[in-house]
Amino acid sequence: LQGLVARGELLIDLRGPKLFANKHLSGSVFLPPNKDLATWAGWLLSYQTPFSVLLPDASELSQALKAFRSIGLDNLRAFYLPDALVGQNLVGSERIEASQLDAQNDFVLDVRSRKEYLTGHLPGAHHIHLGQLESRIKELPDSLVVHCQSGMRSLIATSLLERAGKHPCDIIGGYSALEATRVAV
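Residues numbered from 1 in each chain as written. Predicted model: local features only at pLDDT ≥ 70, side-chain atom pairs only at ≥ 80, totals over all residues. Heavy atoms only, no water.

### A word on the overall build of the protein
Reasoning step 1: For the protein, the helix and strand inventory stands at 8 helices and 11 strands.
Reasoning step 2: Here the protein has a C-alpha radius of gyration of 16 Å; the compact-globule value for 185 residues is 16 Å, and the two agree.
Reasoning step 3: Overall, the C-alpha framework of the protein stretches about 45 × 35 × 30 Å when taken along its three principal axes.
Reasoning step 4: Burial status across the protein gives 45% buried among its 185 residues.
Reasoning step 5: Within the protein, residue pairs in contact and separated by at least 24 positions form 69% of the contacts whose partners lie at least 6 positions apart.
Reasoning step 6: For the protein, the exposed area adds up to about 9100 Å²; of that, 50% sits on carbon and sulfur atoms.
Reasoning step 7: Measuring between centres, the 18 positive side-chain charges of the protein sit 4 Å from its 19 negative side-chain charges. (Helix = DSSP H or I, 4+ residues; strand = E, 2+ residues; numbered from the N terminus. Rg over C-alpha atoms; globule rule 2.2 N^0.38 Å. Buried < 20%, exposed > 50% of the residue type's maximum accessible area, 1.4 Å probe, protein only. Contact = heavy atoms within 4.5 Å. Areas by Shrake-Rupley, 256 points an atom, 1.4 Å probe, with all protein chains shown as cover. Lys, Arg positive; Asp, Glu negative; His and termini not counted. Charge placed at Lys NZ, Arg CZ, Asp CG, Glu CD.)

### A look at the pattern of salt bridges
Reasoning step 1: Across all of its chains, the model carries 9 salt bridges by this definition.
Reasoning step 2: The partner of Glu-9 in a salt bridge is Arg-7, and the shortest N-O contact between them spans 3.2 Å.
Reasoning step 3: Glu-139 serves as the salt-bridge partner of Arg-136, at 3.0 Å between the closest nitrogen and oxygen.
Reasoning step 4: Note on Arg-136: relative accessible area 28%, which makes it partly exposed.
Reasoning step 5: Through salt bridges that share partners, Arg-7, Glu-9 and Arg-77 make up one connected network. (Salt bridge = Lys/Arg side-chain N within 4 Å of Asp/Glu carboxyl O.)

### A few points about the environment of Ser-46
Reasoning step 1: Looking at the secondary structure, you find Ser-46 in the loop between helix 3 (37-44) and strand 4 (51-54).
Reasoning step 2: Exposure remark for Ser-46: the relative accessible area of 28% places this residue in the partly exposed category.
Reasoning step 3: Sequence spacing of Ser-46 and Arg-15 is 31 residues, and the spatial spacing of their C-alpha atoms is 21 Å.
Reasoning step 4: Within the structure, Ser-46 has its side chain in polar contact with the backbone nitrogen of Gln-48 (distance 3.0 Å).
Reasoning step 5: In terms of polar contacts, Ser-46 uses its side chain to reach the side chain of Thr-49, at 3.2 Å. (Polar contact = N/O pair within 3.5 Å; in protein donor to acceptor, adjacent residues only side chain to side chain.)

### With respect to the pairing of strand 10 (residues 143-147)
Reasoning step 1: Among the 5 residues of strand 10, 4 are classified as buried, and the element is accordingly described as predominantly covered.
Reasoning step 2: Direction of pairing for strand 8 (residues 108-110) relative to strand 10: parallel, over a ladder of 3 bridges. Note that in strand 10 the partner of Leu-109 across the bridge is Val-146.
Reasoning step 3: Here strand 10 runs beside strand 11 (residues 167-171); their pairing, made up of 4 bridges, is parallel. The partner of Ser-143 across the bridge, within strand 11, is His-167.
Reasoning step 4: Of the crossover connections in this fold, the one passing from strand 10 over helix 7 (residues 152-163) to the parallel strand 11 is right-handed. (Pairing = 2+ DSSP bridges. Right-handed = clockwise from strand over helix to strand, strands pointing away.)

### As for the side chain of Asp-13
Reasoning step 1: Here Asp-13 shows up in strand 1 (residues 10-13).
Reasoning step 2: Setting aside residues no more than four positions away along its own chain, Asp-13 makes contact with Phe-20, His-24, Ser-28, Val-29, Phe-30, Leu-31 and Leu-54.

### Observations regarding the nonpolar core
Reasoning step 1: Counting 38 residues, the largest nonpolar core has Ile-12, Leu-14, Leu-31, Leu-45, Phe-68 and Leu-133 as its most contacted members.
Reasoning step 2: Elements that contribute at least two residues to this core include exactly strand 1, helix 2 (17-22), strand 3 (29-30), helix 3, strand 4, helix 4 (61-70), strand 10 and helix 7. (Core = buried A, V, L, I, M, F, W, Y, C linked by side-chain atoms within 4.5 Å.)

### Remarks on the packing of helix 3 against helix 4
Each pair of packed helices can be summarised by the angle the axes make with each other and by the distance between the axes.
Reasoning step 1: Contact geometry of helix 3 with helix 4 gives a least axis separation of 9 Å together with a crossing angle of 50°. Between helix 3 and helix 4, the interaxial angle falls into the category oblique. For the pair helix 3 and helix 4, the sense of crossing is right-handed. Across the interface between the two elements, Leu-37, Ala-38 and Ala-41 from helix 3 touch Ala-64, Ala-67, Phe-68 and Ser-70 from helix 4.
Reasoning step 2: Considering only residue class, the contact of helix 3 with helix 4 consists of 6 nonpolar, 1 polar and no charged. (Axes fitted to C-alpha atoms, helices over the stretch in contact; angles between N-to-C directions. Parallel < 35°, antiparallel > 145°, perpendicular 65-115°, else oblique. Left-handed = near helix turned anticlockwise from the far one by under 90°. Nonpolar A, V, L, I, M, F, W, Y, C, P; charged D, E, K, R; others polar.)

### Here's the deal with the state of the cysteines
Reasoning step 1: One pass over the structure, following the stated rule, counts 0 disulfides.
Reasoning step 2: This cysteine, Cys-169, is not joined by any disulfide, and Cys-148 carries the nearest cysteine sulfur, 13 Å off. (Disulfide = S-S within 2.5 Å.)

Written as structure tokens, this is what we have:
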């Protein structure tokens, strides 16, 4: 699998947020293996570029295929199961608790929708909707802290940023956790 990703081929990791955050193949992209899969695949995947998926088990293949095909993504090249990760160099996503954020010194990226951002956000946070992140990655510094509302979209963002060579840190629990510890605007 490392050779696949090293050649620039896209590997979508559908094992779930905890497994992905703990250990994943560098350069792979996390997508949520739930009802939002088709939404985020439609936003983030190219309809011209083949991709492969890493599934938690073979029983998940038909559901993933259904989600991809429901939006016309027919370029699934291959699927892999977790045993394909054995012997691979794996990395974990850097994550922090909301209370660990240094809002004065960290570059904070909010990947929620515009409506969510306008409803409330951290002072000084930079806003880029997750669906527009890849086209704007070059605007961002190498090191940054990312959040969404609950932590799912920010993990997707983190995987995209890692794939682009950035060093993101994801806030566990997202803005919901930040609201409990910070003053929002």
